[in-house]
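# Notes for the structure review
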Amino acid sequence: MTRRRTAALSVLAALALLAASCGDDNGSSTEPDPESTADPFADPANAEPVYEGRGFHPVGVTTLTLGDETPVEVYYPGDPAVDATPAEYRTDDALPPELVAIVPPDLDLAVAIDGFRDIPASPDGPFPVLLFSHGAGAYRNYYSNLLAGIASHGVVVASTDYLDRGLAALALGLGTDTEELTDEEIETAREERRAAERETMLATLDLVLAESDDPSSLLAGSADADRVGAAGHSAGVGTIAAASDDPRVVAAVGWAGGSTGFDPDTATMVLFAERDPGATPEEGTEAYEELTAPRALGIIAEAGHASFTDFCRNQQDGVDLIDVALGLGFPIPESLVELGYNGCRPEDVPPEDVWPIIQHFTVAWLLHQTGVNAEPVGLGDAVAETFPVAVDYRHDP
């Protein structure tokens, strides 16, 4: 019997109610109201973690393809009036058939997504768009817990496969061999890859907007072209930094990646994990200091590099693809093995305690910087004190 793993966060609902000040009733000028000139980040009303739980929208999940057949998984606010099949993915979905054939047949690879496959988009759109870029050795669905949670708060999330550094390329040993390259050649190869991935990310945006404009599409009316952000994990942070120079991308959130090169006009938040050896808290602080305002930083205590992914939960439930791949002789670099387990050890904070923090900050930053929330809802100075895990949170302004 197939054992389903729940990818859901707890269902919580919250609304931020904001009041505006006004002048006296005879219309004459008055002294400024202290409430209206106070720092909004110091307002306790903006320090509630309103996006840490499940949002109000049921989540739809559908797969699109770019012109070169690259898959794009879209998580989006769905129509609550429609009954549909619960969504799931298999952790070997991204592998080529010749590799799937040698995976042990008794290994249960189905992972439940807290959403529904191919339901129409909510009629309440359009919603902000978040473009997502996975890390090295991952693929588009390995972040389903977080991406579905973000979508439930009224966001269309488009997660694209970046095939040159994805799961299949890693399993087949197709990554760039840098042993014989000079530092200059390595940097040139990195820049060329980022340029190509930038085009892929922007092509994803064009595809989602075209689907939104198509009345016959499941995504009809879902995407707001004027409210676009990008997020990425690890190597994927380089992709969103490269795409941040597109004027449509007004906000970015980096997960566990110390990439520089963000466009100064793109409001950027970077989230790091305290125990991450690949993107250290020190690198996080440096990355934050190199950003221009508006900018923000969050360092999550006791978390690791893989805390941002589904992998820790899958591993807890008995599906350890790294162990299986190594047992089958796949050439996975030791450094990636270490990052793959980092954050999943018994001494690390459970992923269920980390995901709400990542989800909250990502949604809060996107909705504020794209103008959905005029006030910094959920970004107040004291919000870090509300989580069960310590967070070193800074922002400017």
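Report on the accompanying structure.

Rules used in this analysis
- Residues numbered from 1 in each chain as written.
- Predicted model: local features only at pLDDT ≥ 70, side-chain atom pairs only at ≥ 80, totals over all residues.
- Heavy atoms only, no water.
- Buried < 20%, exposed > 50% of the residue type's maximum accessible area, 1.4 Å probe, protein only.
- Helix = DSSP H or I, 4+ residues; strand = E, 2+ residues; numbered from the N terminus.
- Contact = heavy atoms within 4.5 Å.
- Patch = residues over 30% accessible without salt bridge, like charges linked within 9 Å, V, L, I, M, F, W, Y side chains within 5 Å.
- Areas by Shrake-Rupley, 256 points an atom, 1.4 Å probe, with all protein chains shown as cover.
- Salt bridge = Lys/Arg side-chain N within 4 Å of Asp/Glu carboxyl O.
- Lys, Arg positive; Asp, Glu negative; His and termini not counted.
- Charge placed at Lys NZ, Arg CZ, Asp CG, Glu CD.
- Pairing = 2+ DSSP bridges.
- Right-handed = clockwise from strand over helix to strand, strands pointing away.
- Axes fitted to C-alpha atoms, helices over the stretch in contact; angles between N-to-C directions.
- Parallel < 35°, antiparallel > 145°, perpendicular 65-115°, else oblique.
- Left-handed = near helix turned anticlockwise from the far one by under 90°.
- Nonpolar A, V, L, I, M, F, W, Y, C, P; charged D, E, K, R; others polar.
- Phe/Tyr/Trp six-rings, centres within 6.5 Å; stacked < 30°, edge-to-face > 60°.
- Lys NZ or Arg CZ within 6 Å of the ring centre and 35° of its normal.

## A word on helix H10 (residues 334-341)
Those residues of H10 that fall on the buried side of the exposure criterion are Val 337, Leu 339, Gly 340 and Tyr 341. Looking at the buried positions of H10, the neighbouring elements they touch are helix H8 (311-316) and helix H9 (321-327). Following H10 by one or two positions, Gly 343 adopts a phi angle in the positive range, close to 105°.

## Re a negative patch on the surface
Together, Glu 282, Glu 283, Glu 286, Glu 289 and Glu 290 line one region of the surface with negative charge. In this fold, Glu 283 is placed in helix H7 (residues 281-290). By relative accessible area, which is 35% here, Glu 283 ends up partly exposed.

## Concerning the pairing of strand E6 (residues 156-160)
Most of E6 is tucked away, with five of its five residues classed as buried. Neither face of E6 is exposed, since Val 156, Ala 158 and Thr 160 on one face and Val 157 and Ser 159 on the opposite face are all buried. With four bridges joining them, strand E2 (residues 71-77) and E6 adopt antiparallel strand pairing. Paired with Glu 73 across the two strands is Ser 159, which belongs to E6. The pairing of strand E5 (residues 127-133) with E6 spans five bridges and is classified as parallel. Within E6, the residue paired with Phe 132 across the bridge is Ser 159. A crossover connection joins E5 to the parallel E6 through helix H3 (residues 144-151); in handedness this β-α-β unit is right-handed.

## With respect to the packing of H3 against helix H11 (residues 351-369)
Running from N to C, H3 and H11 point in directions that differ by 40°, and their axes come no closer than 10 Å. One element, H3, and the other, H11, form an angle in the oblique class. Handedness of the crossing formed by H3 with H11: right-handed. On H11, the residues touching Asn 145, Leu 146, Gly 149 and Ile 150 of H3 are Trp 355, Ile 358, Gln 359, Thr 362 and Val 363. Tallied by class, residues from the contact of H3 with H11 come to five nonpolar, four polar and no charged.

## Quick notes on the packing of aromatic side chains
Inspection of every chain in the model, using the stated rule, returns ten aromatic pairs. Look at Tyr 89 and Tyr 142: their rings are 6.3 Å apart centre to centre, the planes differ by 45°, and that puts the pair in the tilted class. Note that Tyr 89 is positioned in strand E3 (residues 86-90) and Tyr 142 in the loop between E5 and H3, a separation of 53 residues in sequence. Tyr 89 gets classed as buried once you look at its relative accessible area, which sits at 1%. Among the residues examined, Tyr 142 registers a relative accessible area of 12% and is labelled buried. Here the aromatic rings of Tyr 139 and Tyr 142 are separated by 5.0 Å at their centres, their planes lie at 80°, and the arrangement is edge-to-face. The exposure class of Tyr 139 is buried, given its relative accessible area of 1%. Members of the aromatic cluster, connected to one another through ring pairs, are Phe 132, Tyr 143, Trp 255 and Phe 308. The cationic tip of Arg 295 hangs over the ring face of Tyr 288; the distance from NZ or CZ to the ring centre is 4.6 Å.

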